[in-house]
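Chain by chain, the residues:
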Amino acid sequence: MKTTTSKLHFYITTPIYYVTAAPHLGSLYSTLVADVIARWHTLKGDAVFFATGTDEHGQKIAQAAHAANKTPQDFTDGLISKFQDTWQLYDIEYSKFVRTTDQYHMHGAQEFVKQLIAAGDTYQAAYEGWYCTPCETFISNPKLECEPEPLCSSCDRKVSWLTEQTVFFKLSNYQNKLLDFYRANPHFITPKERFNEVISFVQDGLKDLSLSRTSVSWGIPFPDDSVHNSVIYVWVEALCNYITAIGFGKSGKEQELNRWWPADLHVLGKDIVRFHAVYWPAMLMSIGMEPPKRLLVHGWIKVNQQKMSKSIGNVIDPIQLCQTYGADAVRYFLCRQIPINQDGEFSISDLEQRISSDLANDLGNLLNRVVTFAKALNEESNIFTELPGLELADFTGTIESQSHFDRQSNKLRYLVTSIIDEIEGYMRDGMLHLALACLFKLVKATNTYYNEFEPWKLAKTDKNATSKVLAATAHALQAIGTLLWPFMPKKMEEMLSQLGTSMNVDGRNIIMELTCNRWTSPFSLKPGEQLFKKPESHKHKKQTKAIESHSEQTIKLNSTITIEDLNKVELCVGTIISSESIPNSNKLLRLMIDFGPIGIRQILSGIAPHYSPLELLGRQALFVVNLKPRKILGLESYGMMLLAQDNNGKPQLMSPILPVAPGTHLR
Ligand code: MSP
């Protein structure tokens, strides 16, 4: 375990958001991930600086302002509070909110560009090429087949042809330096797949990067350019926010800058990796600053299999969601349900299911049972009512301190310790969904422990043993509440307060204290309200309907199945190790599939019209492996290969992008 007593500094950032409309659930997601990780480090006693903010310049904002009949500054001023209010509603505790229209940022960005020029890494030339305004990006490979209106290769929207005089950054000079840096920092980008994409992008050669724009006026004036009146390219100045937030370009702030830079973690979505992993480190190298230590790249929240975005019109309003379900339940759901390294589907029914089963049933109910039972026990023994002046309403309940526990209780204690270790590993890698899965294993184990001892029965014969069960359960709950605090700060503070403890993040390494906890302290319980209520779907039908209006269509089109139904189907990746035609059949191929630990199986597939046996050799594909065996033309088939027809009617194999171990189950 890597916990340490020395105070570490941890600087974490979110991308800064385009201010074209109020934030949606996708914007909340990046910010939430950063907040949870920042809080985790606070829990470890680290000194934490958490920067977020808004990206307010560029053509995209200017166009949105124009459409709203406002000046860009008035337009963005009017929207800022929507971001700040949403973050406050969700208990996002940032240290600094950077607006790129703030003077210190504009000055810092100009200073940054001046240093690039001083480093001899720039030159003037004409730029000619395609530009995508929604992405604010120069596009080297638009989808030209869509002419007369080529589309952006990233967002599929129209690109426009650009010809302007510009200042270039010699990015091409940084190919080897970047590759060396990646080699020396093998954990620079999580997840690994994204890192591999970046490496091959850089290996393919880099084009120089345009630093200035003459055809846009809403931006930060390019330093010393009175001739062209150009502005700094919006992405270049936006990236600078990570250093202007901590004093870059401001005299007297050098110490602060040195204290926090290089950033420990930039959190960002998969659509903006190249800017952070290629352009940003190269420019920092140019001015003699270290690149950030790590990037955590998350996937997209999707609704009906499409990225949630304003332009598609399938956005979910985080404020409405919070009003219906509460901030902490939504925080928990987003971190638990969406695997951080992949895209994840959002649905209200999944949200309600998680609240009901994980939060209300497994966690809230256990807390409630423990505090109310301990209270009832105390009432029965009338300890407090003998004290003069104490009303029954003040009655709380205590769980006495214990000096030692039996084997089973100690097992629970060791489980807490080993789970902390596991969670620490996941949190270090930003795998929030796995950390939560692990924590809820502990919640389940604590429930099992409590139920197996049946303290409500035990109390009739052995008060001492009952006290021990209550104490062990309360200690486990205290650990759970503390470890869950970064994810659900308000609810966990409430839970800890019901247990008679509190959350004091005062610079101590609370995680290490938890690991060393000897489980000796007593608890003075303060029973309170039920921690989580099961959502009463019918009560919220109206809101749910509005939020899910987009999902409804899909639900009508396809009849739904339960997770239990889905679990019945065993899906596995297998490698085709032999493939041959079958006499008397033009359709079938006889395949031998390696499923690793499951073994080698014969599977027949009707793809002979589309594939020669040879071209399938060595390929991986997805199979249903628990289908009842079937005899076709006298041959047994022990499963089914899954295929999807492409536009030309050819069945395509469902192969993983990167090879996985044969026999890997789909989850
Ligand atoms: N302004 C740039 C970032 C500059 S950082 C120096 C930008 N802004 S954005 O508003 O378009 O996106 C900000 C973040 O929100 C990105 O990390 C993006 O991936 C994330 N999300 C926007 N929609 C999203 C989803 N539907 N799901 C998850 N996150 C997504 O890019």
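What counts, and where the lines are drawn
- Residues numbered from 1 in each chain as written.
- Predicted model: local features only at pLDDT ≥ 70, side-chain atom pairs only at ≥ 80, totals over all residues.
- Heavy atoms only, no water.
- Helix = DSSP H or I, 4+ residues; strand = E, 2+ residues; numbered from the N terminus.
- Buried < 20%, exposed > 50% of the residue type's maximum accessible area, 1.4 Å probe, protein only.
- Contact = heavy atoms within 4.5 Å.
- Salt bridge = Lys/Arg side-chain N within 4 Å of Asp/Glu carboxyl O.
- Near = heavy atom within 4 Å.
- Polar contact = N/O pair within 3.5 Å; in protein donor to acceptor, adjacent residues only side chain to side chain.
- Areas by Shrake-Rupley, 256 points an atom, 1.4 Å probe, with all protein chains shown as cover.
- Nonpolar A, V, L, I, M, F, W, Y, C, P; charged D, E, K, R; others polar.
- Domains from an automatic or database assignment.
- Core = buried A, V, L, I, M, F, W, Y, C linked by side-chain atoms within 4.5 Å.
- Expected span 1.5 Å × (residues − 1).
- Bend = angle between axes of the 7 residues up to and from the residue.
- Pairing = 2+ DSSP bridges.
- Right-handed = clockwise from strand over helix to strand, strands pointing away.

Enquirer: Describe the environment of Met654, with residues and values.
Expert: Residue position: Met654 is located in the segment after β27 (651-653). Residue classification places Met654 among the partly exposed residues on the basis of a relative accessible area of 33%. Beyond its immediate sequence surroundings of up to four residues, Met654 is in contact with Gln620, Ala621, Leu622, Leu642, Leu643 and Ala644.

Enquirer: Can you tell me about the pattern of salt bridges, naming the residues and giving the values?
Expert: Using the criterion set out here, one finds 25 salt bridges in the structure. A salt bridge links Arg508 to Asp506; its shortest N-O distance comes to 2.9 Å. Salt-bridge contacts for Arg508 lead to Glu513; the nearest nitrogen and oxygen are separated by 2.5 Å. According to the relative accessible area criterion, Arg508 is partly exposed, its value standing at 33%. The structure contains a network of salt bridges with shared partners spanning Asp35, Arg39, Glu93 and Arg331.

Enquirer: Requested: an account of the site of the ligand, with residues and values cited.
Expert: Around the ligand there are 24 residues in total, and Ile16, Asp55, Gly269, Asp271 and Ile301 lie nearest to it. Between the ligand and Ile16 there is a distance of 2.8 Å, counted from a nitrogen atom to a backbone nitrogen or oxygen. Met308 places a main-chain nitrogen or oxygen 2.9 Å from a nitrogen atom of the ligand. When the ligand is considered free in solution it has 660 Å² of accessible area, and contact with the protein chains removes 94% of it. Listing elements by their share of the shell around the ligand, those giving two or more residues are β2 (17-18), α1 (25-43), α7 (234-239), α8 (241-244) and β12 (265-269). Considering each element in turn, the shell around the ligand owes the most residues, three residues, to α7. Residue classes in the shell around the ligand are distributed as 13 nonpolar, eight polar and three charged.

Enquirer: How would you summarise the domain arrangement of the chain if you had to cite specific residues and measurements?
Expert: Segmentation of the chain into domains returns domain 1 (348-524) and domain 2 (563-653). In this structure, domain 1 and domain 2 have C-alpha centres spaced 50 Å apart.

Enquirer: Tell me what's going on with the nonpolar core, and back it up with residues and numbers.
Expert: If you look at the biggest cluster of nonpolar residues, it comprises 173 residues, and the most contacted ones within it are Phe112, Trp261, Met283 and Phe346. Per-element accounting of this core gives the leading share, 13 residues, to helix α13 (residues 348-381). Formed by 15 residues, the second largest nonpolar core is a distinct cluster that contains Cys572, Phe595, Ile607 and Val625.

Enquirer: Describe helix α10 (residues 273-286), and please don't skip the residues or the numbers.
Expert: For α10, built from 14 residues, the straight-helix expectation of 20 Å at 1.5 Å per residue is met to within 8% by its first-to-last C-alpha distance of 19 Å. The sharpest bend along α10 reaches about 30° and sits at Trp280, with the proline Pro281 one to four residues further on. Of all 14 residues in α10, 12 are buried, a share of seventy percent or more. Those residues of α10 not exposed but buried are Val273, Phe275, His276, Ala277, Val278, Tyr279, Trp280, Pro281, Ala282, Met283, Leu284 and Ser286. Within two residues after α10, Gly288 carries a phi angle of roughly 80°, on the positive side.

Enquirer: Tell me what's going on with the side chain of Thr52, and back it up with residues and numbers.
Expert: Relative to the assigned elements, Thr52 resides in strand β3 (residues 47-55). By relative accessible area, Thr52 is classed as buried at 0%. Of note is the side chain of Thr52, whose polar atom sits 2.6 Å from the side chain of Thr14. Apart from the residues lying within four places of it in its own chain, the contact partners of Thr52 are Thr14, Pro15, Ile16, Tyr17, Thr31, Trp87, Tyr94, Lys96, Phe97 and Val98.

Enquirer: Explain the pairing of strand β13 (residues 295-298) to me, using residue names and the numbers behind them.
Expert: What you see with β13 is no split at all: Leu295 and Val297 on one side and Leu296 and His298 on the other are buried throughout. Sheet topology places strand β8 (residues 189-190) next to β13; two bridges connect them, and they run parallel. Bridge pairing in β13 links Ile189 to Leu295. Sheet topology places β12 next to β13; four bridges connect them, and they run parallel. Bridging from a neighbouring strand, Leu268 pairs with Val297 of β13. The handedness of the β12 to β13 crossover, carried by α10, is right-handed.

Enquirer: Mind laying out the sheet that holds strand β21 (residues 600-605), listing which residues take part and the relevant values?
Expert: Strands sit in the order β21-β20-β19-β22-β25 across an open sheet of five strands; the sheet is antiparallel. Edge strands, defined here as strands with exactly one partner in the open sheet, are β21 and β25 (640-641).

Enquirer: If you had to explain the sheet that holds strand β9 (residues 209-210) to someone new, which residues and values would you point to?
Expert: Reading across the sheet, the four strands line up as β6-β5-β7-β9 and stay open at both edges, with antiparallel pairing between neighbours. The sheet is open, and its two edges are formed by β6 (137-139) and β9, each paired on a single side.

Enquirer: Which residues make up helix α18 (residues 489-498), and what are the values?
Expert: Within α18 the residues assigned to the buried category are Pro489, Met492, Met495, Leu496 and Gln498. Remark: Gly500 follows α18 within two positions and exhibits a positive phi of approximately 85°.

Enquirer: Tell me about the pairing of strand β22 (residues 620-624), residues and numbers included.
Expert: The buried count for β22 comes to five of five residues, which makes it a mostly enclosed element. The alternating pattern of β22 places Gln620, Leu622 and Val624 and Ala621 and Phe623 on opposite faces, both of which are buried. The pairing of strand β19 (residues 571-581) with β22 spans five bridges and is classified as antiparallel. Looking across to β22, one finds that Gly574 is bridged to Ala621. Pairing between β22 and β25: two bridges, direction antiparallel.

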